[in-house]
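Architecture and fold: a report
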Amino acid sequence: MLGTGERVSLKGEENIWITIIMGFRVQEASGELGRWKVKTTSYYYYIGNGSGELVGYHWHAETTPHIWFPHIHVRGKFKDVHLPTGRISIEEVLRLAINDFKVKATSDWEKVLLDNQRRFEKYRAWD
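Going along each chain's sequence as written, the residues are numbered from 1 onward. For this predicted model, a pLDDT threshold of at least 70 governs which residues receive local features, and a threshold of 80 or more governs which side-chain atom pairs are given and counted, while totals over whole chains, interfaces and linings are taken from all residues. Excluded from the side-chain calculation are hydrogens and water; included are all heavy atoms of the structure.

**Examining the environment of W59**
The secondary structure listing takes helices from DSSP runs of H or I that are at least 4 residues long and strands from runs of E that are at least 2 residues long, numbered from the N terminus. Mapped onto the fold, W59 is located in strand β4 (residues 52-59). Think of it in three bands: with a 1.4 Å probe and only protein chains considered, a residue is buried below 20% of the maximum accessible area for its type, exposed above 50%, and partly exposed in between. The class of W59 is buried, set by a relative accessible area of 6%. A sequence separation of 36 residues divides W59 from G23, and the C-alpha atoms of the two residues are 9.7 Å apart. A distance of 3.3 Å separates the side chain of W59 from the backbone oxygen of W68, its partner in a polar contact. Nitrogen and oxygen atoms within 3.5 Å of one another constitute a polar contact, given that in protein one can donate a hydrogen and the other can accept it, and given that sequence-neighbouring residues count only through two side-chain atoms.

**Observations regarding a nonpolar patch on the surface**
There is a patch of nonpolar side chains on the surface, built from L2, F24, V26, W36 and V38 and spanning about 510 Å² of accessible area. Elements with a minimum of two residues in the nonpolar patch: β2 (16-28) and β3 (36-49). Mapped onto the secondary structure, V38 falls in strand β3. On the basis of relative accessible area, V38 is assigned to the exposed category, the value being 54%. Here, patches come from residues exposed beyond 30% relative accessible area and free of salt bridges, joined within 9 Å for like charges and within 5 Å for nonpolar side chains (Val, Leu, Ile, Met, Phe, Trp, Tyr). Residue exposure ignores everything except the shown protein chains as possible cover, and the areas themselves are Shrake-Rupley values with a 1.4 Å probe. Only one rule defines a salt bridge in this text: a Lys or Arg side-chain nitrogen within 4 Å of an Asp or Glu carboxyl oxygen.

**Regarding the pattern of salt bridges**
Using the criterion set out here, one finds 4 salt bridges in the structure. The partner of E62 in a salt bridge is R25, and the shortest N-O contact between them spans 3.1 Å. Of this pair, E62 sits in the loop between β4 and β5 (71-74) while R25 sits in strand β2, placing them 37 residues apart in sequence. In this structure, D80 engages K79 in a salt bridge whose closest nitrogen and oxygen atoms are separated by 3.9 Å.

**Let's talk about the sheet that holds β2**
Only when DSSP finds a minimum of two bridges between them are two strands counted as paired. Across the sheet, which stays open at both edges, the 6 strands sit in the order β1-β2-β3-β4-β5-β6 with antiparallel pairing between neighbours. Where the open sheet ends on each side, the last strands, each with one partner, are β1 (8-10) and β6 (83-84). Packing against the sheet, helix α1 (residues 90-100) makes contact with β1, β2, β3 and β4, and its axis sits at approximately 25 degrees to β3. Two residues qualify as a contact provided that any one of their heavy atoms is within 4.5 Å of a heavy atom in the partner residue. Helix axes use the C-alpha atoms of the stretch in contact, all axes being lines fitted to C-alpha atoms, and the angles between their N-to-C directions lie in the range 0 to 180 degrees.

**Observations concerning α1**
Listing the buried residues of α1 in full gives I90, E91, V93, L96, A97 and I98. Structurally, α1 contributes buried residues whose contacts are with β1, β2, β3, β4 and α2 (109-123).

**Re the packing of aromatic side chains**
Between 30 and 60 degrees the pair is tilted, below 30 it is stacked and above 60 it is edge-to-face, where a pair is any two Phe, Tyr or Trp rings, Trp via its six-membered ring, whose centres lie within 6.5 Å. Inspection of the entire model under this criterion finds 3 aromatic pairs. Ring centres of Y43 and Y45 lie 4.6 Å apart, and the angle between their planes is 5 degrees; this geometry places the pair in the stacked category. An identical accessibility class is assigned to Y43 and Y45; each is buried. Considering the side-chain rings of W68 and F69, the 5.6 Å spacing of their centres and the 85 degrees angle between planes classify their relative orientation as edge-to-face. On the accessibility criterion, W68 (57% relative accessible area) is exposed. These aromatic residues form a ring-pair network of at least three members: Y43, Y45 and W59. In this scheme, Lys NZ or Arg CZ marks a charge over a ring once it lies within 6 Å of the ring centre and within 35 degrees of the ring normal. Positioned over the ring face of W17 is R7, at 3.9 Å from the centre of the ring.

**Describing α2**
Given the number of residues in a helix, its expected span is that number minus one, multiplied by 1.5 Å. The terminal C-alpha atoms of α2 lie 21 Å apart, and with 15 residues this matches the ideal 21 Å at 1.5 Å per residue to within 8%. Within the span of α2, buried status applies to W109, L113, Q117 and F120. Buried residues of α2 fall within an arc of 60 degrees about the axis and therefore sit on the same side. Turned more than 90 degrees away from the buried face of α2 sit K111, R118 and K122, all of them exposed. Arc definition: it is the arc formed by the directions from the helix axis to the C-beta atoms.

So this is what it looks like as structure tokens:
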């Protein structure tokens, strides 16, 4: 696992925090990937504020096979509902934090996230 579940405060207009937990394994690869590839096996991304968690993106098929699909939890009466999503990258969550929660970022954030997002999309696999 990468991440311990701790909240990290983000600078911005509001008291916003993020938590990132990713499960992964290293597996053999070939071709342009080189000899090794890191494969995501689960993720838990949370964004919250002083009132608590606002949104949580999850994918944890190996630990809960009955909830095998990527999903989102939202604050309020739907917090226990698993609303289906596509696979969500950490880059998309960071983009959400910057654009919609007004978190401050470096001047090159769009390029950095876009470059990483493109690599993620090129090499991701569901197997």
